[in-house]
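# Observations on the three-dimensional arrangement
Residue strings, one per chain:
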Amino acid sequence: MLFGIQIEVFEDTKSRKLLHVKKKDLYYQITKSDEAKVFLFSKGLINAVSLALIFGLILRWPIWAYVVTALLIYAFILYMFNDKVLQKMPVVNAKTVARKEAPKKDRSFSIAGIAYLVIAFGLLYCFFTNQVEEGMMTYVVIGAIAISLVMGAMNLFTYGKKNE
């Protein structure tokens, strides 16, 4: 079973998009029809949590239903990718793979990382000024704050690593 954190996607010198399974050192060529599927798989956990939050807020579920829904959605994403998509992707010989060097960006910050952090601080402001409804909404806002802080920090950290 392959998880989203075990892969990386990059372009090689032959202008092929490749999926690299880190632990096994396997390379798969990503076709045009599989690009969206690989993107959804790599962000599968975030997508599952986000969808569970959306469904839960609309349908006013109890907290356990959020967790169960997120787990079911993530399990579905894992199953579909591992059994349906990955099996059909062509394997590339590791000896023929040479990474293309990414061009240096002259911006010194990540707009997406800053946006996540602004959202997190805005939600923190709302939480501490008692603008959040009591009950389930409190937990949802706390979860959204945590997700925004983690995503912002990860985005800024990976952006900083890429531009070194």
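Everything that follows concerns the structure shown earlier in this document.
Here the structure is a predicted model, which means the values were calculated and not measured.

## Considering the pattern of salt bridges
This model, assessed by the stated rule, comprises three salt bridges. Among the ionic pairs, E35 bridges to K32, the shortest N-O distance being 3.9 Å. For the salt bridge of D34 with K37, the shortest nitrogen-to-oxygen distance reads 3.8 Å. Note on K37: relative accessible area 41%, which makes it partly exposed.

## A short note on a nonpolar patch on the surface
A cluster of nonpolar side chains, I63, W64, V68, L72, Y139 and I142, forms an exposed patch at the surface whose accessible area comes to about 670 Å². For the nonpolar patch, the elements supplying multiple residues, two or more each, are helix 3 (63–85) and helix 5 (136–162). Top contributing element to the nonpolar patch by residue count: helix 3, with four residues. Structurally, the position occupied by Y139 is in helix 5. Under the relative-accessibility criterion, Y139 is labelled exposed at 56%.

## Regarding the packing of helix 1 (residues 35–42) against helix 3
It is at 10 Å that the axes of helix 1 and helix 3 come closest, and there the two elements cross at 140°. For the element pair helix 1 / helix 3, the angle class is oblique. Remark: the crossing between helix 1 and helix 3 carries left-handed chirality. Across the interface between the two elements, K37, V38, L40 and F41 of helix 1 pack against I77, L78, F81, N82 and V85 of helix 3.

## Comments concerning the sheet that holds strand 4 (residues 91–92)
With antiparallel pairing, four strands are arranged side by side in an open sheet as 1-2-3-4. At either margin of the open sheet sits one strand with a lone partner, and together these are strand 1 (7–11) and strand 4. Where strand 3 (residues 26–29) lies against strand 4, two bridges are found, and the strand directions are antiparallel. Across the sheet, the residue bridging to Y27 is V92, located in strand 4.

## Examining helix 2 (residues 44–59)
Counted at 1.5 Å a residue, the expected span for helix 2 with its 16 residues is 22 Å, and the 22 Å between its end C-alpha atoms agrees. Buried within helix 2 we find G44, A48, A52, L53 and G56. Down the axis, helix 2 shows its buried residues gathered within 170° of arc, on one side only. R60 lies just past helix 2 and shows a positive phi near 55°.

Analysis parameters
- Residues numbered from 1 in each chain as written.
- Predicted model: local features only at pLDDT ≥ 70, side-chain atom pairs only at ≥ 80, totals over all residues.
- Heavy atoms only, no water.
- Salt bridge = Lys/Arg side-chain N within 4 Å of Asp/Glu carboxyl O.
- Buried < 20%, exposed > 50% of the residue type's maximum accessible area, 1.4 Å probe, protein only.
- Patch = residues over 30% accessible without salt bridge, like charges linked within 9 Å, V, L, I, M, F, W, Y side chains within 5 Å.
- Areas by Shrake-Rupley, 256 points an atom, 1.4 Å probe, with all protein chains shown as cover.
- Helix = DSSP H or I, 4+ residues; strand = E, 2+ residues; numbered from the N terminus.
- Axes fitted to C-alpha atoms, helices over the stretch in contact; angles between N-to-C directions.
- Parallel < 35°, antiparallel > 145°, perpendicular 65-115°, else oblique.
- Left-handed = near helix turned anticlockwise from the far one by under 90°.
- Contact = heavy atoms within 4.5 Å.
- Pairing = 2+ DSSP bridges.
- Expected span 1.5 Å × (residues − 1).
- Arc of directions from axis to C-beta.

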